[in-house]
Structures are given as structure tokens and as C-alpha cells.
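# What the coordinates show
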Amino acid sequence: AQSVTQPDIHITVSEGASLELRCNYSYGATPYLFWYVQSPGQGLQLLLKYLSGDTLVQGIKGFEAEFKRSQSSFNLRKPSVHWSDAAEYFCAVGGGFKTIFGAGTRLFVKA
Amino acid sequence: DTAVSQTPKYLVTQMGNDKSIKCEQNLGHDTMYWYKQDSKKFLKIMFSYNNKELIINETVPNRFSPKSPDKAHLNLHINSLELGDSAVYFCASSQAPSGGNEQFFGPGTRLTVL
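Here's a quick rundown of the structure.

Calculation criteria
- Residues numbered from 1 in each chain as written.
- Chains lettered and ligands numbered in written order.
- Predicted model: local features only at pLDDT ≥ 70, side-chain atom pairs only at ≥ 80, totals over all residues.
- Heavy atoms only, no water.
- Helix = DSSP H or I, 4+ residues; strand = E, 2+ residues; numbered from the N terminus.
- Rg over C-alpha atoms; globule rule 2.2 N^0.38 Å.
- Buried < 20%, exposed > 50% of the residue type's maximum accessible area, 1.4 Å probe, protein only.
- Pairing = 2+ DSSP bridges.
- Contact = heavy atoms within 4.5 Å.
- Buried area = accessible area lost by both parts, 1.4 Å probe.
- Salt bridge = Lys/Arg side-chain N within 4 Å of Asp/Glu carboxyl O.
- Nonpolar A, V, L, I, M, F, W, Y, C, P; charged D, E, K, R; others polar.
- Disulfide = S-S within 2.5 Å.

Regarding its fold elements, chain B presents 0 helices and 11 strands. Its helices and strands taken in sequence order, chain B reads β-β-β-β-β-β-β-β-β-β-β from the N to the C terminus. Against the globule reference of 13 Å for 114 residues, chain B gives a C-alpha radius of gyration of 13 Å, in line with a compact fold. C-alpha extents for chain B along the principal axes are approximately 35 × 30 × 30 Å. Looking at chain B as a whole, 46% of its 114 residues qualify as buried.

Take a look at the structure:
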């Protein structure tokens, strides 16, 4: 069965520090992988996605993610976090007609 | 120009009532979805429609009935509301039903059942 695990419920980083949000998935075939961001009171917005090809994908707002098949992971990174990055981040795996979302990681940014 | 819109944004009602949430997308997408997000932010698919036809129904109680009058609209009607229905409901759309397509989300409807 498809599943997505985001091990960290919340993470706090200092503004300007680097960020890595973890995501592990379970899927029988090569998955489609996504990261979405949800700001307070808003819907989800796509940051980036992996469908095939280059395993390092670039997204909006300076985010990138790396697909590692051997580790079943798709971790999200940003070299320097801004206060406006504080939000909820969702990893998702898609296949067939469905997309399965992880439970989310809440990012807090401290000054 | 809003891509996926939902009304109302907030809905407060009593147990046992019937309510509807409306969703419209102006992206020309063929596929629309309803998700439920609980208090712990867990996002769960409820329904998916492609070209007005139901393709996913994730074991949702039959008190929940989606209606798609055309490709641009997917409304959600809920009968006999229960306390456990309190959540944020998101409508979304994508170009096609394939799991590889990006989904565009509406702003959500926060439903509170008293």
C-alpha cells in the first residue's frame, strides 16, 4: 500500500540557517513525488515535484528536493530560510488516480 | 483571478443539520477532488471526479454526497452533520486524474459542528 511518512511533526530553525525536511514513502513502483506548502489559513501550493529523470529537482522559493530510490526518501532542502517560510509542509506520493499526503511538518522560523 | 474557489470560507452549524459547500475552478481542468483536513492537519482524500464522473470514493459515509453539475464545479453536500465532521474541507483540481499531476487547491472551508 502507498504511504508517506514525515518523521518530524515540527521543526524550528533560525532565520538564515539551512533547512532539511524529511520524507519517506512506500510505493510499489516508481512514484511521483511532491512537496506542497500550506500557509496559515490557506490551501496547499506546489513547491516542486519529481516525475522522472534528474533526481535533484528545483522548485519555487529557493527549495530543492532529492529523490533517493535506495532510501525511499524525498527530502526537501533550502540553504537559507526566511521568516516567510514558516508554514506547514506536506510530502505526497502520487500514482494511479490517487495522491497520498504525509501528516505534514510544521516549520517555525526564529529571528 | 482565483483559480479554485470555495464558498463559504467558514461554516458553523448545529448537529443534525444539512449543509453544502461549493467549489469552482476556472483552470479548465478535467479532474476535481474533495479532501478533509482534521485538527492534526492530516489531509485525506474523500472524492475524485473526472469529467463529472466519480472515480474515487474513499469509504466516506453516505451522508456526504458530491455533485458535479459540470467540469468546473464540484459541490459537497453533507446530511445530518455530526461533531466528527468538524474539519477543514479543501477542494482541488488537476488537469487529469493521473497521480503525476499537480493539484491546485482552494482556500478551504472550515466547518464547525456544535
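Attention now goes to the environment of A:T30. Following the sequence through the fold, A:T30 ends up in the loop between β4 (24-26) and β5 (32-38). C-alpha of A:T30 to C-alpha of A:F90: the two residues are 60 residues apart in sequence and 19 Å apart in space.

This part is about the pairing of strand β7 (residues 64-70) of chain B. Residues and elements named next belong to chain B. Where β7 meets strand β8 (residues 73-78), 5 bridges bridge the pair, whose relative direction is antiparallel. Bridging across to β8, P66 finds its partner in L76. Hairpin remark: β7 followed by β8, antiparallel, with 2 residues in the connecting loop.

Attention shifts here to the interface of chain A and chain B. Across the contact, 21 residues belong to chain A and 23 residues belong to chain B. Both sides of the chain A and chain B interface together cover about 1700 Å² of buried area, and 56% of this is carbon and sulfur. Sorting the residues of chain A by area buried against chain B places A:L44, A:F97 and A:F101 first, and these three jointly supply 31% of that buried surface. The residue B:E58 makes a salt bridge to A:K98 at a minimum N-O spacing of 3.3 Å. Sorting the residues of the side of chain A that touches chain B by element identifies β5, β6 (44-50), β10 (87-95) and β11 (98-101) of chain A as the ones contributing at least two each. Taken together, the residues of the side of chain A that touches chain B break down into 10 nonpolar, 8 polar and 3 charged.

Here the focus is the state of the cysteines. Residue and element names in this part refer to chain A. Scanning all chains against the criterion turns up 2 disulfides over all chains. Between the sulfur of C23 and that of C91 lies a disulfide, 1.9 Å long from S to S. Across the disulfide from C23 to C91, rotation about the S-S bond amounts to roughly -65 degrees, and the bridge is consequently left-handed. Taken together, the residues span a long stretch of sequence, with C23 in the loop between β3 (19-21) and β4 and C91 in strand β10 at a distance of 68 residues. A residue is classified by how much of its surface remains accessible, and C23, at 0% relative accessible area, is buried. In this structure C91 comes out as buried when scored by relative accessible area, which is 0%.

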